[in-house]
Amino acid sequence: MRWGHHLPKASWGSGFGRALQPPDERIPFLIHWSWPLQGERPLGPPRAFRRHHGNLADSAARSGRHGRLFPSASATEAIQQYRRNLAEWFSRLPREERQFGPTFALDTVHVDPVIRESTPDELLRPLAELALEHRPPQAGLPPLALSQLFNPDASGRRVQTVVLYGTVGTGKSTLVRKMVLDWCYGRLPAFELLIPFSCEDLSSLGPAPASLCQLVAQRYTPLKEVLPLMAAAGSHLLFVLHGLERLNLDFRLAGTGLCSDPEQPEEPAAIIVNLLRKYMLPEASILVTTRPSAIGRIPSKYVGRYGEICGFSDTNLQKLYFQLRLNQPDCGCGSGVSATPAQRDNLVQMLSRNLEGHHQIAAACFLPSYCWLVCATLHFLHAPTPAGQTLTSIYTSFLRLNFSGETVDSTDPSNLSLMAYAARTMGKLAYEGVSSRKTYFSEEDVCGCLEAGIKTEEEFQLLHVFRRDALRFFLAPCVEPGRPGTFVFTVPAMQEYLAALYIVLGLRKTTLQKVGKEVAELVGRVGEDVSLVLGIMAKLLPLRALPLLFNLIKVVPRVFGRIVGKSREAVAQAMVLEMFREEDYYNDDVLDQMGASILGVEGPRRHPDEPPEDEVFELFPIFMGGLLSAHNRAVLAQLGCPIKNLDALENAQAIKKKLGKLGRQVLPPSELLDHLFFHYEFQNQRFSAEVLSSLRQLNLAGVRMTPVKCTVVASVLGSGRHALDEVNLASCQLDPAGLRTLMPVFLRARKLGLQLNSLGPEACKDLRDLLLHDQCQITTLRLSNNPLMVAGVALLMEGLAGNTSVTHLSLLHTGLGDEGLELLAAQLDRNRQLQELNVAYNGAGDTAALALARAAREHPSLELLQGVAIQMCWKLPLMTSAHLWTLRMPSHWCFLLILMPPLPQWFNGLVAPRGRCA
């Protein structure tokens, strides 16, 4: 899972509703925006737009200078109401964007992609076989800005129709959204009226006739008053037609007749054709967005300019996008509070250095959609995780934002989902790579998976459309030296995700399974009739073989069911073996691996002549579990990739059976965290409770516990019922926020190790609350090598005063000093259950040590005091080896103490009255 070696798209639906609904978690990016904008919509834009772009009063003042076409006060008010409603609707955020903070606004982080002007001759040129290489811009054709799209062409002719095209993920929808918002806020003064249409919405109307005025009035109610003035608007009227690939347009006169009346009812496709012909509203400006495969549906004589959306072909644009999005004040890298500017700058700088040094990640971020995925992944890894969000859900939502409602070819009667086609083809390639442990693919590998099973002309047409429109979204040419002509998945983790999707959808079938399924279906269809005939023949004719044949027919479906069951067990076995590979035992956990792949690894790079490291696919089994969760299955169903509940249940049972056998072994800390992360992605508490019922020791020592890792451990283990004998979180870089997150796990622990975590007095507040909790069952608490200081030990003593479970407490090297030890001595009697206390290496003086020793002598249950007696022995003149049996101390002290004179009787009675202290 490495980069190289070591904004999303809209799904616009059918119509604005009569009232704007609250933001729904399933509303796709840019949301369904073709519904009627009612006059009762909220007034004014959101605060973010007022702050950064002014208010609509400003836009009214700007547009007032050009408002000669709508002179009446009522018409002007209707236009302003329309602007407000349109801006309010387009500013809504889906759940995927709300994770970046409550004040996050897409318009504040927008970066225009590169738009390269192209010519009809260039569009007719045959593409490369795989269509993955990005063509360099032609000389003399500089990139276009949004404000230049309708400028006169090179010959000085006026441009009325502009067609923007780009593959999936290049930012067509985001660009349209930016243009609409620019017009709402008066930043497009050349157009007095902008009317956006979703071609998906228009295609859903079918052949039902409707006039252009009806289409506009049904979707944008405030415009009813200005509809009669549309013809007079001329070039100041702009139609935006997004997603033209959804419409089947026929420009033949025999197929679509001429119509110039905006009030004449026609099929929606016929209205669009006449608008593009310039036969209806000939002076109006039109902006069309489409995928490359549908460019030819509009004859070139009706197009004034072609523009290819090239994404972020410049690394500086990628850096700008990351700076704007990751430097949001609410995009924190800690828990509970936002990150400091220094933390955010450090994250951006690490990402920028990796963009400069690793060209493969820069090639992936050529697509703005993948820039969004990188930011969402970094936010997941470094910021507080929203409830229920998983890594699998981020990737599933990412695909939904780009593929929701998309079909491969709208002209194909099968209406095959684009995501389902990608799962079948790209998933096959991804799984073969995981199986053979490779991430680099030759052209033969890619073509073999794309062309497998293609037999008809329709299937070849679907493949041609997929290559032009979506192949670049999943695969990218490898830019590493020494690997010419090879391809890699655009994001390394996407290969493992698609491989897991290929498995859980049941697309991987052996020849026996394919033949067995066909035979079983055939027998199932005719089995009853054949059985009836054979039963009658057996009674009339003395044929002894008929009953045997009769029984065999009944057995066939059951045999096939067992074959399928064995296949699921084999998949579960492979998944579990991949999860517990001994070769991966001592590498980083998968979350750290993902962070390193995006941000890079500090330190010297591997020399090119060194042998390559083995490929690691530890995310593959984790994604398999995540895809079986209910939420991800619901989203996949929206993408045309449904997973049946029965199949998910049988897969889960097979996985549980294999995990029950192999999951009991003791795992290294990083692998144990990966195991818990699998359960977190699966999002099934009952499943996790049954599989992890044998877990008694949680050893995560040395694992860097980031906020997301704390959330993972707390979510998986926090709701369990059985106690944990030991929880070892030594040297995990824990902070107070992490302690609060892990509180449910601590309440189940009997021994809790928090050594070497730099926990200070602030963390002691949470430890005090833990000790005072009525469900606390901790008996041993180790806080060694943490700067608790005096304030921290005061809080700890408050917790110990009300605690009845702690018997062993280690405060070794916690910076207590004389003041802290004296405070400890003064309040030691408030706890009556403590049996062992270690305060070594705290810089205690004689007075503090003697005070603590007296308190230890008077304590009713304390049996061992470590650290104080050893320091005092150097100050005493008498001591012999006869007294060593009363002291428990490290063996390297003994040879020094044997040479000392006898210990005075009064000290013996003070420190060890029962011979149990040291």
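Just so we're clear, the structure is a prediction, and the values are computed from it rather than from any experiment. Each chain has its residues counted from 1, running along the sequence as written. Selection of residues for local features in this predicted model requires a pLDDT of at least 70, selection of side-chain atom pairs for listing and counting requires 80 or more, and totals for whole chains, interfaces and linings are taken over all residues. Processing note: side-chain calculations cover all non-hydrogen atoms of the structure and skip hydrogens and water entirely.

Asker: Describe in detail the overall build of the chain, supporting the description with residues and values.
Answerer: Regarding its fold elements, the chain presents 38 helices and 16 strands. Using a 1.4 Å probe on the protein chains alone, a residue whose accessible area is under 20% of its type maximum counts as buried, one over 50% counts as exposed, and one in between counts as partly exposed. Scored against the burial criterion, the 918 residues of the chain give a buried share of 57%. For helices the rule is a DSSP run of H or I covering at least 4 residues; for strands it is a run of E covering at least 2, with both sets numbered from the N terminus onward.

Asker: Describe the sheet that holds strand β16 (residues 864-866), and please don't skip the residues or the numbers.
Answerer: If you trace the seven strands from one edge of the open sheet to the other, you get β10-β11-β12-β13-β14-β15-β16, paired in parallel fashion. Two strands lie at the open edges of the sheet, namely β10 (697-699) and β16, each paired on one side alone. Ignoring which end each strand starts from, the neighbouring axes of this sheet average 5 degrees apart. Strands were regarded as paired on the criterion that DSSP finds at least two bridges between them. For helices, the fitted line uses only the C-alpha atoms of the stretch in contact; every axis is such a line through C-alpha atoms, and the angle between N-to-C directions lies from 0 to 180 degrees.

Asker: Account for the packing of helix α14 (residues 368-382) against helix α15 (residues 391-403), naming residues and giving values.
Answerer: Packing of α14 against α15 leaves a shortest axis separation of 11 Å and a crossing angle of 160 degrees. Here α14 is positioned roughly antiparallel relative to α15, judged by the angle of their axes. For the crossing formed where α14 meets α15, the hand is right-handed. Between α14 and α15, the residues in contact are S369, Y370, W372, L373, A376, T377 and F380 and L391, I394, Y395, F398, L401 and N402, respectively. Under the convention adopted here, Pro, Cys and the residues Ala, Val, Leu, Ile, Met, Phe, Trp and Tyr are nonpolar, Asp, Glu, Lys and Arg are charged, and Gly plus all remaining residues are polar. Its residues assigned to classes, the contact of α14 with α15 comprises 10 nonpolar, three polar and no charged. Working definition: roughly parallel below 35 degrees, roughly antiparallel above 145 degrees, roughly perpendicular at 65 to 115 degrees, and oblique for all remaining angles. By definition, any crossing whose near helix is turned counterclockwise from its far helix by less than a right angle is left-handed, and any crossing with a clockwise turn is right-handed. Residue contacts are defined here by distance: any two heavy atoms, one from each residue, within 4.5 Å place the two residues in contact.

Asker: Give a detailed account of the sheet that holds strand β6 (residues 285-290), specifying residues and quantitative values.
Answerer: Spatially, the seven strands line up as an open sheet ordered β2-β1-β7-β3-β6-β5-β4, and their pairing is mixed. The open sheet has two edge strands with one neighbour each: β2 (143-144) and β4 (193-198). Alignment of β4 against strand β5 (residues 237-242), held across six bridges, turns out to be parallel. Note on β5: the bridge partner recorded for I195 is F239. Along the sheet, helix α8 (residues 212-219) contacts β4 and β5; its crossing angle with β4, the most-contacted strand, is approximately 90 degrees.

Asker: Before we move on, could you go through α8 and cite the residues and values that matter?
Answerer: Counting buried positions along α8 gives six out of eight residues, so the element sits mostly inside the fold. Along α8, the positions that sit buried rather than exposed are L212, C213, L215, V216, A217 and R219. Residues of α8 that are buried make contact with β4, α7 (199-204), α9 (230-233), β5 and α10 (268-277).

Asker: Any details on the side chain of S369? Residues and values, ideally.
Answerer: Here S369 shows up in helix α14. Here a polar contact is taken to be a pair of N or O atoms separated by no more than 3.5 Å, where protein atoms must pair a possible hydrogen donor with a possible acceptor and residues adjacent in sequence count only if both atoms sit in side chains. Of the polar contacts made by the side chain of S369, one reaches the side chain of N402; its length is 2.8 Å.

Asker: With reference to specific residues and values, describe the pattern of salt bridges.
Answerer: Should a side-chain nitrogen of Lys or Arg be within 4 Å of a carboxyl oxygen of Asp or Glu, the pair is scored as a salt bridge. Applying the stated criterion across every chain, the model contains 29 salt bridges. In this structure, the salt-bridge partner of R116 is E308, at a minimum N-O distance of 2.2 Å. Of this pair, R116 sits in strand β1 (residues 115-118) while E308 sits in strand β7 (residues 305-309), placing them 192 residues apart in sequence. For the pair R116 and E308, a shared accessibility class is recorded, and that class is buried. In this structure, a network of salt bridges that share partners links the residues E200, R246, R291, E406 and D469.

Asker: Tell me about the packing of aromatic side chains, residues and numbers included.
Answerer: Working definition: a ring pair exists when centres of Phe, Tyr or Trp rings (six-membered ring for Trp) sit within 6.5 Å. Plane angles under 30 degrees give stacked, over 60 give edge-to-face, the rest tilted. Applying the stated rule across the entire model yields 25 aromatic pairs. On the basis of an interplanar angle of 25 degrees and a centroid distance of 6.0 Å, the ring pair of Y395 and Y497 is categorised as stacked. Residue Y395 is found in helix α15, and its partner Y497 is found in helix α20 (residues 492-504); the two are separated by 102 residues along the sequence. Given the relative accessible area of 0%, Y497 is considered buried. Aromatic pair F398 and F473: ring centres 5.6 Å apart, planes at 20 degrees, arrangement stacked. Of the two residues, F398 sits in helix α15 while F473 sits in helix α19 (residues 471-474), which places them 75 residues apart along the sequence.

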